[in-house]
Amino acid sequence: MSLKFQIHHTKGSARRATLTLPHGAVETPAFMPVGTQGTVKAVPQHLLEELDVRILLGNTYHLYLRPGHEAIRRMGGLHRFMSWDRPILTDSGGFQVFSLSELRKVTEEGVSFRSHIDGSSHFFSPEHSMDVQIALGSDIAMAFDECTEHPADFARARGSLDVTLRWAKRSKEHFEKHKHERSWDGRAQSSELRTQAQRSAVSDQRSELRLDGQAPSLFGIVQGGMFPELRRECAERLVEMDFPGYAIGGLSVGEPRELTREMIATTLPLLPAGKPRYVMGVGYPDEIAEYAGMGVDMMDCVLPTRAARHGLLFTSEGRLNIKNRQYAEDQNPPDPNCNCLVCRRYSRAYLRHLMVAQESLSSVLNTLHNLAFYLETMRKVREEIAESA
Ligand SMILES: [Zn+2]
């Protein structure tokens, strides 16, 4: 069994469930921190474990360009490379490639683009995206889709939807054929590179047992721009293809929040109730709580980590810009209602000082608190769903 989704409680449309993947269990609804380049910026893996992060997101586009998916395969896969033995979800690379609007060209076969690092030429097809994600060794891979820019007119969204459906089919066919080539097989070979102490530290033997015979799972992605009828059609056609889980993509691309909510509300009831449902790239703390309440099981967003590096902290009392002069001698913790390792130990005054002095520790501490706040937001949502039962 490579993916198991057990729903324990429901409250209205919301569900409290356990998603079991090859590298471990994830309590849902879950927020997934983004580890773009094999790292959640500014936070080492042992602190992510301490925050009780159960699943991370990795970016296929970035890891493909640097250090390269074949290099990561040779090193035993992304889990081993970054010393993270809990689940990883990888995106398809589509979103990043389509963000390079100046540098790309789309055909039926795939997308050619130039690297943002050195301008070199590359080509991504659904098959290639699957190969890269299998080489990285993620627990959940995403189908290669065409993300529609916002705003897009109906014809553009319609065309993009058709491409996405054809690519979803190609993604699935290729993935099913090759998923057992996932890089976990490289374990035995690359373990020679590690000392005994390192091996026991990441408890490899336990992982090897658990991983035996398991394979990653592929999720389909619902597109359709901001048109409910296209969202519906895309969802229905993807459900016919029978993916083990479904994502709603192409949201939070600059549209008003009511529209994001409307697209989610339109799509969710069309996705199978017994399978995980993932909304990509959202959102603010109140948004993720709201969407979880609507029946979304998984979400990811760069917001808590990116905002932290700019000094924006999310707290139970609202947003706090730690750079503000008013915190210069404020001895209170960043959030008096937060029990994270930053709030237990440091003052607003100290965090402001680190930020103003441009110390690296500023990003570390701000990010830790914001992630703790997001994870706590989801923990409370899960608790509320369980209590209502
Ligand atoms: Zn805190």
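These numbers were taken from a predicted model, which means no experiment stands behind them. For every chain, the first residue of the written sequence is number 1, and numbering continues from 1 onward in sequence order. In keeping with the predicted nature of the model, local features appear solely for residues at pLDDT of at least 70, side-chain atom pairs appear and are counted solely at 80 or more, and the whole-chain, interface and lining totals rest on all residues. Only hydrogens and water are set aside; all other atoms, that is, all heavy atoms of the structure, feed into the side-chain values.

**Focus: helix 11 (residues 228-241)**
1) Next: Secondary structure elements are defined from DSSP: runs of H or I of at least 4 residues count as helices, runs of E of at least 2 residues count as strands, and each element is numbered from the N terminus. To estimate how far a helix should extend, the number of its residues minus one is multiplied by 1.5 Å. Taking 1.5 Å of rise per residue, the 14 residues of helix 11 would be expected to cover 20 Å, and the 20 Å separating its terminal C-alpha atoms lies within 8% of that figure.
2) Next: To sort residues, take the accessible area from a 1.4 Å probe on protein chains only and compare it with the maximum for the residue type: under 20% means buried, over 50% means exposed, and anything in between is partly exposed. Every buried residue belonging to helix 11 is among Pro228, Leu230, Arg231, Cys234, Ala235, Leu238 and Met241, and all of these are buried. Buried residues of helix 11 fall within an arc of 160 degrees about the axis and therefore sit on the same side.
3) Next: What makes two residues a contact is simply this: any of their non-hydrogen atoms within 4.5 Å. Contacts made by the buried residues of helix 11 are with helix 7 (154-178), strand 12 (217-222), strand 13 (245-248) and helix 12 (257-267). The arc in question is the one spanned by the directions pointing from the helix axis to the C-beta atoms.

**Quick look at the pairing of strand 12**
1) Next: Counting buried residues along strand 12, six of its six residues qualify, which places the element largely inside the surrounding structure.
2) Next: For two strands to count as paired, DSSP must find a minimum of two bridges between them. Sheet analysis places strand 11 (residues 140-142) next to strand 12, joined by three bridges and oriented parallel. Residue pairing for strand 12: Ile140 is matched across the bridge by Ser217.
3) Next: Handedness of a crossover: with both strands directed away from the viewer, a clockwise path from the first strand across the helix to the second marks it as right-handed. This β-α-β element, strand 12 to helix 11 to strand 13, shows right-handed connectivity.

**Observations regarding the sheet that holds strand 9 (residues 111-114)**
1) Next: Judged by pairing direction, the sheet is antiparallel, and its three strands sit side by side in the order 8-9-10 without closing on themselves. Each having just a single partner strand, strand 8 (104-106) and strand 10 (121-124) make up the two edges of the open sheet. Going from strand to strand, the sheet's axes swing by 15 degrees on average, the running direction of each strand aside.
2) Next: Bridging between strand 9 and strand 10 involves four bridges; their strand directions are antiparallel. Across the sheet, Ser112 pairs through a bridge with Phe123, a residue of strand 10. Under this scheme, a helix contributes an axis fitted over its contacting stretch, all axes are lines through C-alpha atoms, and angles between N-to-C directions fall in the 0 to 180 degree range.

**Brief notes about the packing of aromatic side chains**
1) Next: Side-chain rings of Phe, Tyr and Trp (the six-membered ring for Trp) are treated as a pair once their centres are within 6.5 Å; stacked means planes under 30 degrees apart, edge-to-face means over 60, and tilted covers the remaining angles. For the coordinates displayed, the defined rule picks out eleven aromatic pairs.
2) Next: Summarising the aromatic geometry, the rings of Phe113 and Phe124 are spaced 5.5 Å apart at their centres and angled 70 degrees between planes, so their arrangement reads as edge-to-face. Here Phe113 is found in strand 9, whereas its partner Phe124 is found in strand 10, with eleven residues between them in sequence. Like Phe124, Phe113 is buried.
3) Next: Considering the side-chain rings of Tyr346 and Tyr350, the 5.6 Å spacing of their centres and the 20 degrees angle between planes classify their relative orientation as stacked.

**Some remarks on the coordination of the zinc ion**
1) Next: Metal-coordinating donors are taken as N, O and S atoms lying within 2.8 Å of the metal, or within 3.2 Å when the metal is Na, K or Ca; because water is left out, some sites can appear incomplete. Here the zinc ion is held by Cys338 (SG), Cys340 (SG), Cys343 (SG) and His369 (ND1), and the distances to it run 2.1 to 2.3 Å.
2) Next: Here the zinc ion binds four donor atoms, and the angle range of 99 to 118 degrees at the metal identifies the geometry as tetrahedral.
3) Next: Look at where the donors of the zinc ion fall in the sequence and you get C-x1-C-x2-C-x25-H. Of this pair, Cys343 sits in the loop between strand 17 (318-321) and helix 15 (348-356) while His369 sits in helix 16 (residues 360-387); the two residues are 26 residues apart in sequence, bridging distant segments of the chain.
4) Next: According to the relative accessible area criterion, His369 is buried, its value standing at 0%. In this scheme the shape depends on donor count and angles: four donors with every angle between 85 and 135 degrees give tetrahedral, four or six donors with opposite pairs above 155 degrees and others between 65 and 115 give square planar or octahedral in turn, and any other case is irregular.

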